[in-house]
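Understanding the architecture of this molecule
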Number of protein chains: 2
Amino acid sequence: MKEVRILEIKQSVYADNDKQAEELRKELKDKGVFLLNLMSSPGSGKTTTLMKTIEALRDQLKIGVMEADIDSDVDARTISQSGAKVIQLHTGGMCHLDAGMTRQGLDGLETEGIELAILENVGNLVCPAEFDTGASKNAMILSVPEGDDKPLKYPLMFSICDVVLINKIDVLPYFDFDMEKCKEYIRMRNPQAKVIPICAKTGEGIREWADWIAEEVKKWREA
Amino acid sequence: MKEVRILEIKQSVYADNDKQAEELRKELKDKGVFLLNLMSSPGSGKTTTLMKTIEALRDQLKIGVMEADIDSDVDARTISQSGAKVIQLHTGGMCHLDAGMTRQGLDGLETEGIELAILENVGNLVCPAEFDTGASKNAMILSVPEGDDKPLKYPLMFSICDVVLINKIDVLPYFDFDMEKCKEYIRMRNPQAKVIPICAKTGEGIREWADWIAEEVKKWREA
């Protein structure tokens, strides 16, 4: 596998993260970089989903990926095989990325020519939801093995996401996961959230998700 | 289902958590309450594992359970069916429990007569690892669908645990999960950690895990 660049992210020095996030969002708009923040529990399939997403969108958009992890570079090495520009961010134990840390990542990635920058946030359903990264849209993945009750237990994460991907639907027969109940719980937290069942492994549902991204980028450019 | 008590946990006022944890550990020793801190990602099967653990140990030990979640009481209601004493702790958005918060939970549970108190921590592989709760032993669950690479990405969690349960081994045929590789990664982070593959749903491996707990309680009493 290819060697990937690793950037050690420093804790942000800014007290007002919301202000930093608004500024970053405005700068990215001026540069034409649409930032998507992708969140989930550990092991719900963010990286595999990203691989399929890049494949589905690479003829339409120039994509750059930031892989945030506490340690290791396995995800960035995987993504590098897709041909997309990628950088591994190490958070030094920190459980989330805020706007200042995301800015460090974008500087490290070098967004010149990038139209869609995707941040794979730290695997965590709690803390990343509390910090605006400056992204234009927030997406999350809930995987079938985690259970349909997660919107009840992690309300903030579901309430701040524009789209919820329900991944690993290929293993639905082996788990007690009620898709309709899960959708109802998500609606309870966030009536506006779009829900897309997918299987990143087989590619099922990826077209709908990729189309959603492409449409959001289009609306954002025209706004 | 039975109604369960819900306790709203307040943020701790103590700066020195390690000192608080040591004090709590000492007090619990004097009272004869063995505290086990159980951690994992969201949806890896903590509650189902606890149900089976209570079933396996209830003739040997008087058990009390604290179910920590940001919201909902689904886990405590499930545990209440086991007959064990249980309380639901709400963390008010907080991503972990520290020693001060655990103390509030123990006071709410009322440990008079309890020999084994189990804290089901917030579903999170990052933050709970950073805070000593005052527990005698730390346990974690990694479930097969999360992937065998988690010890690489969440080093601290694996390094502080005395035992790692690898859950959902019934679905091993449907996931790319290399058990030997996973054990090797865990050893890399923590050569002392005991690793027990289990399936909480079918009960496989639960006897070994319950015996481990009973043995640790015995050693702790004799120490």
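Scroll up for the structure.
Heads up: these notes are all about the structure in this document. (Residues numbered from 1 in each chain as written. Chains lettered and ligands numbered in written order. Predicted model: local features only at pLDDT ≥ 70, side-chain atom pairs only at ≥ 80, totals over all residues. Heavy atoms only, no water.)

**Quick look at the sheet that holds strand β6 (residues 137-143) of chain A**
Residue and element names in this part refer to chain A. Stated formally: DSSP bridges decide pairing: two strands pair if at least two such bridges lie between them. Helix and strand assignments follow DSSP, with helices taken as H or I runs no shorter than four residues and strands as E runs no shorter than two, numbered in order from the N terminus. Angles shown run from 0 to 180 degrees and are taken between the N-to-C directions of axes, each axis being a line fitted to C-alpha atoms and, for helices, limited to the stretch in contact. Should any heavy atoms of two residues lie within 4.5 Å, those residues are counted as being in contact.
Pairing in this open sheet of eight strands is parallel, and the strands run β1-β4-β3-β5-β2-β6-β7-β8 from one edge to the other. Each having just a single partner strand, β1 (6-8) and β8 (194-197) make up the two edges of the open sheet. The mean inter-strand angle of the sheet, taken between neighbouring strand axes irrespective of direction, is 20°. With five bridges joining them, strand β2 (residues 34-40) and strand β5 (residues 116-120) adopt parallel strand pairing. The residue bridging Phe-34 from the neighbouring strand is Leu-116, located in β5. Contacting β2, β5, β6, β7 (163-167) and β8, helix α8 (residues 206-222) crosses the sheet at an angle of about 140° to β2.

**Quick notes on unusual backbone geometry**
Residues and elements named next belong to chain B. Condition: Only protein chains enter the accessibility calculation, which uses a 1.4 Å probe; a residue whose area is less than 20% of its type maximum is buried, one above 50% is exposed, and one in between is partly exposed.
The phi dihedral of Glu-110 is positive, around 65°, even though this residue is not glycine. Even without glycine at this site, Lys-168 takes up a positive phi of about 65°. The residue Lys-168 is located in the loop between β7 (163-167) and α7 (179-189) in this model. On the basis of relative accessibility, which here comes to 11%, the residue Lys-168 falls in the buried class.

**Some remarks on the interface of chain B and chain A**
Put simply, the test is: Throughout, the accessible surface (probe 1.4 Å) given up by two parts as they are put together, summed over both, is called the buried area. Salt-bridge detection follows one rule: a side-chain nitrogen of Lys or Arg within 4 Å of a carboxyl oxygen of Asp or Glu. A 3.5 Å cut-off defines polar contacts: any pair of N or O atoms within that distance qualifies, except that in protein one atom must be a possible hydrogen donor and the other a possible acceptor, and neighbouring residues in sequence count only when both atoms are side-chain atoms.
On the side of chain A, 33 residues touch chain B, which itself brings 33 residues to the contact. Carbon and sulfur atoms supply 60% of the area buried between chain B and chain A, which totals about 2600 Å² over both sides. When the buried area of chain B at its contact with chain A is split by residue, Pro42(B), Lys153(B) and Tyr174(B) rank highest and sum to 23% of it. Linking chain B with chain A are four salt bridges. A salt bridge links Asp75(A) to Lys153(B); the nearest nitrogen and oxygen atoms lie 2.8 Å apart. Put simply, chain B and chain A have eight residue pairs in polar contact (both at pLDDT 80 or more) between them. Counting only elements with at least two residues in the side of chain B that touches chain A, the list comes to α3 (74-80) and α5 (150-153) of chain B.

**A closer look at the relation of the copies chain B and chain A**
The test is simple: Least-squares fitting of one copy onto the other uses the C-alpha atoms of those residues that reach a pLDDT of at least 70 in both copies.
Mapping chain B onto chain A leaves a residual RMSD of 0.0 Å; the transformation is a rotation of 180° accompanied by 0.0 Å of translation along its axis. In symmetry terms, the pair is related by a two-fold rotation axis. A high fraction, 100%, of the interface residues of chain B reappear at the interface in chain A, so the copies pair face to face through one surface.

**Re the pairing of β2(A)**
All names here are of chain A. For β2, a buried count of seven out of seven residues is recorded, marking the element as mostly surrounded by other parts of the structure. Alternating positions in β2 separate into two faces, Phe-34, Leu-36, Leu-38 and Ser-40 on one and Leu-35, Asn-37 and Met-39 on the other, with burial throughout. Summarising the sheet, β2 and β6 pair through five bridges and their orientation is parallel. Each residue of the ladder has a partner; that of Met-39, found in β6, is Met-140.

**Let's talk about helix α4 (residues 99-109) of chain A**
Residues three or four positions apart in an α-helix share a direction because the helix packs 3.6 residues into each turn. Residue and element names in this part refer to chain A. Burial of α4 is extensive: eight of the 11 residues sit out of reach of the surface. Ala-99, Gly-100, Met-101, Thr-102, Gly-105, Leu-106, Gly-108 and Leu-109 are the residues of α4 that are buried. Against the buried residues of α4 lie β1, α1 (17-31), β2, β3 (63-69), β4 (85-90) and β5. Put simply, Asp-98 is the residue that caps the front of α4, since its side-chain oxygen is 3.2 Å from the backbone nitrogen of Gly-100. At the C-terminal side of α4, Glu-110 shows a positive phi close to 65°.

**A closer look at the packing of helix α2 (residues 46-57) of chain B against helix α8 (residues 206-222) of chain B**
Residue and element names in this part refer to chain B. Definition in use: Between 65 and 115 degrees an angle is taken as roughly perpendicular, under 35 as roughly parallel, over 145 as roughly antiparallel, and anywhere else as oblique. What makes a crossing left-handed is the near helix being turned counterclockwise from the far one by less than a right angle; a clockwise turn instead makes it right-handed.
In contact at an axis separation of 9 Å, α2 and α8 are set at 65° when each is read in the N-to-C sense. Looking at the two axes, α2 sits roughly perpendicular to α8. At the point where α2 passes α8, the crossing takes the right-handed sense. Contacts between α2 and α8 involve Thr-49, Lys-52, Thr-53, Ala-56 and Leu-57 from the first element and Ile-206, Arg-207, Trp-209, Ala-210, Ile-213 and Ala-214 from the second.

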